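Each chain is listed here by its residues.
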Amino acid sequence: MSDRMWARQRFITQGCIERGRLKASAESESKVILYRAPLGYGKSVQVAFEAGTQGREEGGVAYINTRSYPGSGEITDSLLAALILYQIKGREPWSVIQSNDDIIESLRDTLCNAKNPIKICIDGIGEAEHGVGLVENLICETPNNVKFYIAPSNAGALARLSMMAGVVTYGAHDLVFTEEEVCELPGMHSAKAKNVIEATGGWPALVGLMCHTSNPNLPAATWPETRSYFRNNLLNALPNNTRDFICKAAMLEEISVACYDYVYKTEEAHKEIPFINENYTLFTPTESSRECMVMHPVLREYLRGLFDSIQRERRSYVLKRVAFWHWRRGEYLHSINAAQEASDHSWARAVSDSIILDVALRQGEIEVLRTWFEKVPVRTIKKIASLSISYAWILYFSQQARQAEKILASSTESCSRGLDNLDEKGWRKLVDAVGKATQDQFAQSQTLCQQWIDTFGERNMVGKGAALTCQAYIASSDRRFEDLEQLLHRGAVANQSSNQHYAFVWLKTAELQAEIFKGDIAHAMSILLEANKTAEKMGVSKTFLNKMLGSLELQILHEKSPSLISYESAEESFNFALNYGVTDILWGCTQTFSSFLYQQGLRDRAMAILEQTRIAACERDLPRLNMLAKIQLAEFTLINDEELEPPILPDESELTFLPNQNQAIRARIALVNSMYRLRLGKQFGVAEKYAKKALQSASAISDARTKIAAQYCQALAIFGLGSSKLAKRTIIDADQLTEHLSCYFTRDWIKEALMSFSPIARDLFDTLPESAETNATKDLEVRKEEADARPKLTNTQSTITIKQISLLKCVSSGMTNKEIAERLLITEDTVKWHLKKIFSELKVTNRVQAVSEARLRGLL
């Protein structure tokens, strides 16, 4: 019997990966590791891996698999004890054993007196009550060097263990695969692993099935392998009434006793739900309430399909009852989802004004409502003002402005129901005001939003949050950063007081976008992390949040290093922005994706992405987006083409946008013109003039990335004019700014571009001294974890310059004044002058104190 068990152990682990985070070494202080999860989560695999083969010959491991017992009637405490004792001690104890009681006592003595570590790995315990009692007694009586690894046969087995000290339980949420673990499987890479996790939810059995199915692109619930697995391994193990119950429960949005009994007119849920949780753990409590349950989405889809095949004629009726249940409880999004699945458009007439406006404007469920509205007859929408206003809002944020304007206009028609009540709170005017911003009509939107706040702000806090958020976004787009700070504060107060989830996401978007415009990538990343934490606390829906913040994270990570992003993530963010992003969001994703593709050698694809954005800009009447795409196309063409044709750039007379938006475009036009003159190799004076113009425009709006690119162009032009030292100083200034803000891609991109078409570029870059911060950066990397853990103090009031921070980094690496001067291409007297200023600002008297204080302030 023991040999059969070890043969099973070897078979179970074949082709499986070891997951270190679930091994005993991850819980070195634990006495017992329990694996509790539904079928197919790899509990048996984990226990088998813990047993392994090492130590078996030395008597250090016992592996018990109850499936190798000869029959359920033979399972006794004495048999379990005999198996463990035999695997640990071999034949030695049996010469003195006279009875079953002797076996158990001999095992207890052996374990209690053990000096070396012993593992007891048990798979399937719980089917026999005698075995459970023995195991619990052994756990309580044996020393800590005897450890237990147990996969109970059902969730309710060994319940008392969960209350004991030293017991660690791994549940379904721990046993699901991560992307990193899926990558370890044969033939997997990061992009494919992400698709596997999205399709299966990380359920190990489904991950395995996906690796072998011939239809991996279809929904997981439709794979023949999945259907067979659920039918033969799950449903066949359930009692008939339980099988019927979970099929019906799959039709619910959330599973609860009250909801099930209402929908199906029964009184059985209070018995079935605990029974299923105790024996099969197929339901998981929701984050909002432990009384409400959900099941794995793949299992749910499979069971819903089974319900349809058996009771198709009842499907619509059941879903309508589900919708009405959630309606009565004020859970309107669930109600809309169920009604949508029931294809019940008559619900649109019953939707109250407050409900639809709340879901659309406060919760921001744009994608869900867009699908729902598309199934509702247009004549119905036009007859009800709240539907017209909400649908117009959805269309504006889906970049369908022309249709939005028509729908919004229909809300004012005499046949439209309920407009007077809605106009008292200004909903229609709010949608019109904010809608203008989605179309890049910022000046008009700014005026309308302010008028709305003055008129309706005190009686409609949800709307006020939306209007202030819109103004904040406009300030961010126009690089009015001081105004933005005030609007961020006012918008946050209004949004928090009204629990405005959708506006919260857009307000954080405005804040993050501002940092990206500034080029302060390091600060942008810290804001992004904080935004996700705050959203978690507020309970903001992750569907829109993850996609919007993901589009900004893409830009941040790409600027830090293109190696941090993948083709798939860039394409996903671009597609989202193309459907739901306003001009700045879409342009940020377009610029990032196209630059990533170009650098990867996919130049035709990069050009196609820019053309796709330009076409969308023309269709949607977004001239600024069109202009930005043209400039980027001109830059790519300049670098790529062998012919020295002048770049096709917009004329500055076409700049009719907000003042600082115009400045940003002027800077980019001047930069491309400078690059073109540098490529000609003759007009260095003209190139320097254009670079200076780009530098001035970028500096005026704090655009560090364009400033860095302009400095590189200016340095090469100056070098071509014969001023080598000044050129090198300019490059060092650009590098210091790059290091300070972490905008490395911009620096590397312009450097590679210049070297690709200018013969003298390499002469300049090869003669530069070693990076001014190389040693300091290495030193910082050594202390990275320590620095991350240390609280950073604000340095917003500091007058220390970026050059002085670079000098401090050199000081922190132990360089002398002479070495610093050589590195930064300045005189020793200049170094001393800067140190004096630094000491005065930091209120210190020597270099050691200066470095220490700078670190405390977050300057290093």
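Note that the coordinates shown come from a computational prediction; the quantities given were computed from them, not determined experimentally. (Residues numbered from 1 in each chain as written. Predicted model: local features only at pLDDT ≥ 70, side-chain atom pairs only at ≥ 80, totals over all residues. Heavy atoms only, no water.)

What to know about the overall build of the chain
Point 1. The helix and strand tally for the chain stands at 46 helices and 7 strands.
Point 2. When the backbone C-alpha atoms are referred to their principal axes, the chain occupies close to 105 × 80 × 55 Å.
Point 3. Residue pairs at least 24 apart in sequence account for 69% of intrachain contacts in the chain once pairs closer than 6 positions are excluded.
Point 4. Carbon and sulfur atoms make up 49% of the accessible area of the chain, which totals about 38,500 Å².
Point 5. Averaged over its 100 positive side-chain charges, the chain has a centre that lies 3 Å from the centre of its 105 negative ones. (Helix = DSSP H or I, 4+ residues; strand = E, 2+ residues; numbered from the N terminus. Contact = heavy atoms within 4.5 Å. Areas by Shrake-Rupley, 256 points an atom, 1.4 Å probe, with all protein chains shown as cover. Lys, Arg positive; Asp, Glu negative; His and termini not counted. Charge placed at Lys NZ, Arg CZ, Asp CG, Glu CD.)

Concerning the nonpolar core
Point 1. Counting 153 residues, the largest nonpolar core has W393, W506, M675, L678 and L754 as its most contacted members.
Point 2. With 11 residues, the single largest contributor to this core is helix α37 (residues 704-720).
Point 3. Discounting residues that sit within four places of it in the chain, L678 has contacts with F684, A687, C713, L716, A717, L754, F757 and S758.
Point 4. In terms of nonpolar packing, the next biggest core, distinct from the first, is built from 109 residues, Y149, F177, A221 and V263 among them. (Core = buried A, V, L, I, M, F, W, Y, C linked by side-chain atoms within 4.5 Å. Buried < 20%, exposed > 50% of the residue type's maximum accessible area, 1.4 Å probe, protein only.)

Notes on the environment of Y396
Point 1. Considering the arrangement of structural elements, one finds Y396 in helix α21 (residues 385-396).
Point 2. Along the sequence, Y396 and D432 sit 36 residues apart, while their C-alpha atoms lie 9.2 Å from each other.
Point 3. Ignoring any residue separated from it by four or fewer positions in sequence, one finds Y396 in contact with A401, A404, E405, L408, V431, D432, G435 and T438.

As for unusual backbone geometry
Point 1. A positive phi angle, close to 60 degrees, is found at D621, a residue other than glycine.
Point 2. Within the secondary structure, D621 sits in the loop between α33 (603-619) and α34 (623-640).

Thoughts on empty space enclosed by the protein
Point 1. Applying the stated criterion across every chain, the model contains 6 cavities of 30 Å³ or more.
Point 2. By volume, the largest cavity is sized at about 640 Å³.
Point 3. What lines the largest cavity is a set of 32 residues, among which W587, Q591, R668, R705 and T706 lie closest to the centre.
Point 4. At the level of elements, α28 (501-518), α30 (542-560), α32 (583-599), α34, α35 (659-680), α37 and α39 (744-757) are the ones that each hand at least two residues to the lining of the largest cavity.
Point 5. Here the second largest cavity is characterised by a volume of approximately 190 Å³.
Point 6. The wall of the second largest cavity is formed by 16 residues, among which F397, V434, T469, C470 and W506 lie closest to the centre.
Point 7. Contributing elements (two or more residues each) for the lining of the second largest cavity: α24 (427-438), α26 (461-477) and α28. (1 Å grid on protein atoms, 1.4 Å probe; cavity = no way out; pocket = protein on both sides within 12 Å on 5 of 7 lines; lining within 4 Å. Points joined across faces, edges and corners; volume = space filled by probe spheres on them.)

Quick word on the pairing of strand β4 (residues 146-151)
Strand residues, when the strand is regular, have side chains that alternate between the two faces of the sheet.
Point 1. For β4, a buried count of 5 out of 6 residues is recorded, marking the element as mostly surrounded by other parts of the structure.
Point 2. Looking at chain direction, strand β1 (residues 32-35) and β4 are connected through 3 bridges and run parallel. When the bridges of β4 are listed, L34 appears paired with I150.
Point 3. Alignment of strand β3 (residues 118-123) against β4, held across 6 bridges, turns out to be parallel. Paired with K119 across the bridge in β4 is K147. (Pairing = 2+ DSSP bridges.)

A word on the side chain of S398
Point 1. Looking at the element boundaries, S398 is found in the loop between α21 and α22 (401-410).
Point 2. For S398, a relative accessible area of 4% puts it in the buried group.
Point 3. S398 has contacts with I366, R370, N579 and Y580, leaving out every residue within four places of it along the chain.

Overview of the confidence of the model for the chain
Point 1. Per-residue confidence for the chain averages 86 on the pLDDT scale, and 91% of its residues sit at or above 70.
Point 2. Across residues 772-796 the pLDDT falls below 50, and counting only partners more than four positions away or on other chains, this stretch makes 31 contacts in the model. (pLDDT = per-residue confidence, 0-100.)

Things to note about helix α9 (residues 204-212)
Point 1. By the burial criterion, the buried members of α9 are P204, A205, L206, V207, L209 and M210.
Point 2. Residues of α9 that are buried make contact with α6 (172-175), α7 (179-183), α8 (190-200), α10 (224-234) and α14 (297-311).

Structural notes on the pattern of salt bridges
Side chains bearing opposite charge may pair, as long as their charged atoms lie close to each other.
Point 1. Applying the stated criterion to the full structure yields 32 salt bridges.
Point 2. Measuring nitrogen to oxygen at the nearest pair gives 2.9 Å for the salt bridge that ties D440 to R624. With D440 in the loop between α24 and α25 (442-456) and R624 in helix α34, this residue pair connects regions lying 184 residues apart in the sequence. No difference in accessibility class separates D440 from R624, as the two residues are buried.
Point 3. Here E511 and K508 are joined by a salt bridge, their closest N and O atoms 3.2 Å apart. With E511 and K508 both in helix α28 and 3 residues apart, the pair spans about one turn of that helix. (Salt bridge = Lys/Arg side-chain N within 4 Å of Asp/Glu carboxyl O.)

Describing the sheet that holds β3
Point 1. Taken in spatial order, the 5 strands line up as β2-β3-β4-β1-β5 in an open sheet, and their pairing is parallel. Strand pairing shows two members of the sheet lacking a second neighbour, β2 (61-65) and β5 (167-170), which therefore form its edges. This sheet shows a mean twist of 10 degrees between the axes of neighbouring strands, independent of strand direction.
Point 2. Sheet analysis places β1 next to β5, joined by 4 bridges and oriented parallel. Of the residues in β5, the one forming a bridge with V32 is V167. (Axes fitted to C-alpha atoms, helices over the stretch in contact; angles between N-to-C directions.)

Here's the deal with α28
Point 1. Across its 18 residues, α28 extends 26 Å between first and last C-alpha, which sits within 8% of the 26 Å expected from 1.5 Å per residue.
Point 2. Burial within α28 is extensive, with 16 of its 18 residues counted as buried.
Point 3. Of the residues flanking the start of α28, the one acting as N-cap is Q500, its side-chain oxygen 3.5 Å from the backbone nitrogen of Y502.
Point 4. Immediately beyond the C-terminal end of α28, within one or two residues, lies G519, with a positive phi of roughly 90 degrees. (Expected span 1.5 Å × (residues − 1). Polar contact = N/O pair within 3.5 Å; in protein donor to acceptor, adjacent residues only side chain to side chain.)

Description of the packing of aromatic side chains
Point 1. Applying the stated rule across the entire model yields 29 aromatic pairs.
Point 2. Residues W6 and Y63 carry aromatic rings whose centres are separated by 5.7 Å and whose planes lie at 50 degrees to one another, so their mutual orientation is tilted. Highlighted residues: W6 in helix α1 (residues 2-13) and Y63 in strand β2, separated in sequence by 57 residues. Neither W6 nor Y63 differs from the other in exposure class; each is buried.
Point 3. Ring geometry for F373 and Y391: centres 4.7 Å apart, planes at 25 degrees, overall stacked. In this pair, F373 is assigned in helix α19 (residues 366-375) and Y391 in helix α21, connecting sequence segments 18 residues apart.
Point 4. One aromatic cluster in this structure is built from W393, F397, F442, Y473, Y502, W506, F544, F576 and Y580.
Point 5. Residue placement shows R321 over the ring face of Y262; its charged tip is 4.4 Å from the ring centre.
Point 6. Across the ring face of F481, the terminal group of K518 is positioned such that the distance to the ring centre comes to 4.8 Å. (Phe/Tyr/Trp six-rings, centres within 6.5 Å; stacked < 30°, edge-to-face > 60°. Lys NZ or Arg CZ within 6 Å of the ring centre and 35° of its normal.)

Description of a negative patch on the surface
Point 1. A contiguous patch of negative charge, built from E819, E822, E828 and D829, is present on the exposed surface.
Point 2. Sorting the residues of the negative patch by element identifies α44 (817-824) and α45 (828-842) as the ones contributing at least two each.
Point 3. Mapped onto the fold, D829 is located in helix α45.
Point 4. Of the residues examined, D829 reaches a relative accessible area of 57% and is grouped as exposed. (Patch = residues over 30% accessible without salt bridge, like charges linked within 9 Å, V, L, I, M, F, W, Y side chains within 5 Å.)

Thoughts on the packing of α32 against α39
Point 1. Viewed as axis vectors pointing N to C, α32 and α39 meet at an angle of 50 degrees, and their least axial separation amounts to 13 Å. The angle between α32 and α39 falls in the class oblique. Between α32 and α39 lies a crossing of left-handed hand. Residues S595, Y598 and Q599 of α32 lie in contact with α39, whose contacting residues are F745, W749 and E752.
Point 2. Tallied by class, residues from the contact of α32 with α39 come to 3 nonpolar, 2 polar and 1 charged. (Parallel < 35°, antiparallel > 145°, perpendicular 65-115°, else oblique. Left-handed = near helix turned anticlockwise from the far one by under 90°. Nonpolar A, V, L, I, M, F, W, Y, C, P; charged D, E, K, R; others polar.)

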